[in-house]
Structure formats: C-alpha cells, structure tokens
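The chain contents come next:
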Amino acid sequence: MCGNNMSVPLLADAVTVSGAERETAAVIFLHGLGDTGHSWAEALSSIRLPYVKYICPHAPRIPVTLNMKMVMPSWFDLMGLSPDAPEDEAGIKKAAENLKAVIEHEIKNGIPPNRIILGGFSQGGALSLYTALTSQYQLAGIVALSCWLPLHKAFPQAASNGVNKDIAILQCHGEMDPMIPVRFGALTAEKLKSVVAPTKVQFKTYPGMMHSSCPQEMMAVKEFIEKLLPRI
C-alpha cells in the first residue's frame, strides 16, 4: 500500500470496513447531516462483500444555516431543503474536491475507478451524486438514498465531460419522508435522466418509510453493489 492518508483530510479518521480477502473494489459512503461515518459503516457491514473495502468518512463540523447556525457535522452549508432553496455553491464544490481526493487515493492504491461506487444518505447522497457526475473518472455507480442533486440547475452542462453519462444510479426514497419529500426525490430522478442514460437510473420508493433506511432498501443496495462490483 502506498499513499499517505494524512494528505487526504477526509481519510485521516474515516471509518473503514476492510475486506476479508484481497480488496478489488471500494464503496465510499457519506453520512447525512449531524451524523458520523460510524452508523453507515455498521449498516454496510451487514451487507458487506468480502472483496470490497467500505470507506465512511466523517463530515467536518461547520455552522449550518438551516439549524440556526448550530455547529454540526455537515458536508456543506444548508439553507433549505426544497428544489428552489438557495445553495452553498462554494461549499458544495469544495466538498466535492475533498471527496475526489479520496477517489484518487483509492485509484493510486490500485483500485480502478470502474470498481469504485460512491454513495450516501441525505446530504451525503446529494454530495455523492454531484461528485460522481462531475468526476473525471469513469466510476462504477452511485447509491443515492433519501437525497437530491445539488446545484441541479447547472446540469446537464456541469457534467459536460460526459465521462459518467452511462453510470448506474440507484436512488431510494421513503414515501413518508418529512424532511426531503419523496416528490423532491422523483424530480431528482427525472433530472438525472437528462444527465445520464435514462435506463441507468433506478428510483425505488418505500411505503411507510420516513427519513431513514429499511431492510428492503439495504437489500436493494446490496444487490446493486454485487451487480456492479462482481468478484474478479
């Protein structure tokens, strides 16, 4: 193994679930607002594949406008949670660059980009969508749970390099989500179909599920990862 974790801030204290055998693929998964990487590392451990490395970084702690400027783990500032809310463009782009550094670190350590899935929940899912679609590397796929596409008005132009126009996207949403309404998820799925090949976008909704996850959703995530990252 080469490459120094300390040069990649998000990796310095990220929670990593190592493979039980030689690692030939990676899943980088980002938590939601106010959370840490621990909860999703635990959830992913329950559906892990032995040859996949799971990396769950922690967001930096910053004041969040939406929560009366309280300081909490947040990938970027949030002003609102509706499709027309103002957005922290500079913060989103900076967070995406930090995430791209994690991707590059894994590539340097021998995992090819087409064996890397980016994913996340809520704000973390939003950042994974934005980062993957603007990445210079052709990635395997995106897992986008209970989330939205940040700076959506900039797309499809923002993805103009077209490297990931055929990327597979699994988007899941709870039908009873009170934080990010399922309608916002559906609008996001439609928008994504203008950015990538429409047949590559799966949008699954779960009756009764709020702003959280459920076993059926985790099984869908497991199947998606297994399909895109088969054993080699």
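Residues numbered from 1 in each chain as written. Predicted model: local features only at pLDDT ≥ 70, side-chain atom pairs only at ≥ 80, totals over all residues. Heavy atoms only, no water.

As annotated in an unreviewed UniProt entry, the protein chain carries the name palmitoyl-protein hydrolase and comes from Terrapene triunguis. One UniProt comment on the protein chain, placed under Sequence similarities (unreviewed entry), says "Belongs to the AB hydrolase superfamily. AB hydrolase 2 family." (UniProt positions renumbered as here; feature names shortened; annotations may be inferred.)

The subject of this paragraph is the pairing of strand 5 (residues 70-73). Looking down a regular strand, the side chains alternate between one sheet face and the other. In the sheet, strand 4 (residues 61-64) pairs with strand 5 via four bridges, with the strands oriented antiparallel. Bridge assignment links Pro63 to a residue of strand 5, and that residue is Val71. If you look at the hairpin formed by strand 4 and strand 5, you'll find five residues sitting between the two strands, and Met68 has a positive phi there, around 50°. (Pairing = 2+ DSSP bridges. Helix = DSSP H or I, 4+ residues; strand = E, 2+ residues; numbered from the N terminus.)

Formed by 47 residues in total, the largest nonpolar core has its most connected members in Ile28, Leu127, Leu129, Leu133, Trp148, Ile167 and Ile169. Elements that contribute at least two residues to this core include exactly strand 2 (25-30), helix 2 (89-108), strand 6 (116-121), helix 3 (123-133), strand 7 (141-145) and helix 4 (182-192). When sequence neighbours within four positions are dropped, the list of residues in contact with Leu129 reads Ile142, Ala144, Cys147, Trp148, Leu149, Ile169, Thr188 and Leu192. Val27, Tyr54, Leu145 and Ala168 belong to the second-largest nonpolar core, a separate cluster that totals 31 residues. (Core = buried A, V, L, I, M, F, W, Y, C linked by side-chain atoms within 4.5 Å. Buried < 20%, exposed > 50% of the residue type's maximum accessible area, 1.4 Å probe, protein only. Contact = heavy atoms within 4.5 Å.)

Tallied over the entire structure, the rule returns four aromatic pairs. Considering the side-chain rings of Tyr130 and Phe155, the 5.8 Å spacing of their centres and the 85° angle between planes classify their relative orientation as edge-to-face. Taken as a pair, Tyr130 in helix 3 and Phe155 in the loop between strand 7 and strand 8 (168-174) lie far apart in primary sequence, 25 residues in all. (Phe/Tyr/Trp six-rings, centres within 6.5 Å; stacked < 30°, edge-to-face > 60°.)

An order of 1-3-2-6-7-8-9 is seen for the seven strands of this open sheet, with the pairing classed as mixed. Sheet topology places strand 1 (15-17) and strand 9 (201-206) at the edges, where each strand pairs with a single neighbour. Going across the sheet, the axis of each strand differs from the next one's by a mean of 15°, ignoring polarity. The sheet contact formed by strand 8 and strand 9 spans six bridges and is parallel. Note on strand 9: the bridge partner recorded for Gly174 is Tyr206. (Axes fitted to C-alpha atoms, helices over the stretch in contact; angles between N-to-C directions.)

Put simply, the largest pocket is a space of about 200 Å³. Leu10, Pro60, Ile62, Ser74, Trp75, Phe76, Asp77, Asp88, Gly91, Lys94, Ala95 and Asn98 are the residues that line the largest pocket. Here the lining of the largest pocket takes four residues from helix 2, the largest share from any one element. Here the residues of the lining of the largest pocket sort into six nonpolar, three polar and three charged. Of the volumes computed, that of the second largest pocket is approximately 160 Å³. A class-by-class count of the residues in the lining of the second largest pocket yields eight nonpolar, five polar and one charged. (1 Å grid on protein atoms, 1.4 Å probe; cavity = no way out; pocket = protein on both sides within 12 Å on 5 of 7 lines; lining within 4 Å. Points joined across faces, edges and corners; volume = space filled by probe spheres on them. Nonpolar A, V, L, I, M, F, W, Y, C, P; charged D, E, K, R; others polar.)

A word on the packing of helix 2 against helix 3. At a closest axis distance of 9 Å, the pairing of helix 2 and helix 3 adopts a crossing angle of 70°. The angle between helix 2 and helix 3 falls in the class roughly perpendicular. Counted together, Ile92, Lys93, Ala95, Ala96, Leu99, Lys100 and Ile103 of helix 2 and Leu127, Ser128, Tyr130 and Thr131 of helix 3 form the full contact between these two elements. Among the residues forming the contact of helix 2 with helix 3, the class breakdown is seven nonpolar, two polar and two charged. (Parallel < 35°, antiparallel > 145°, perpendicular 65-115°, else oblique.)

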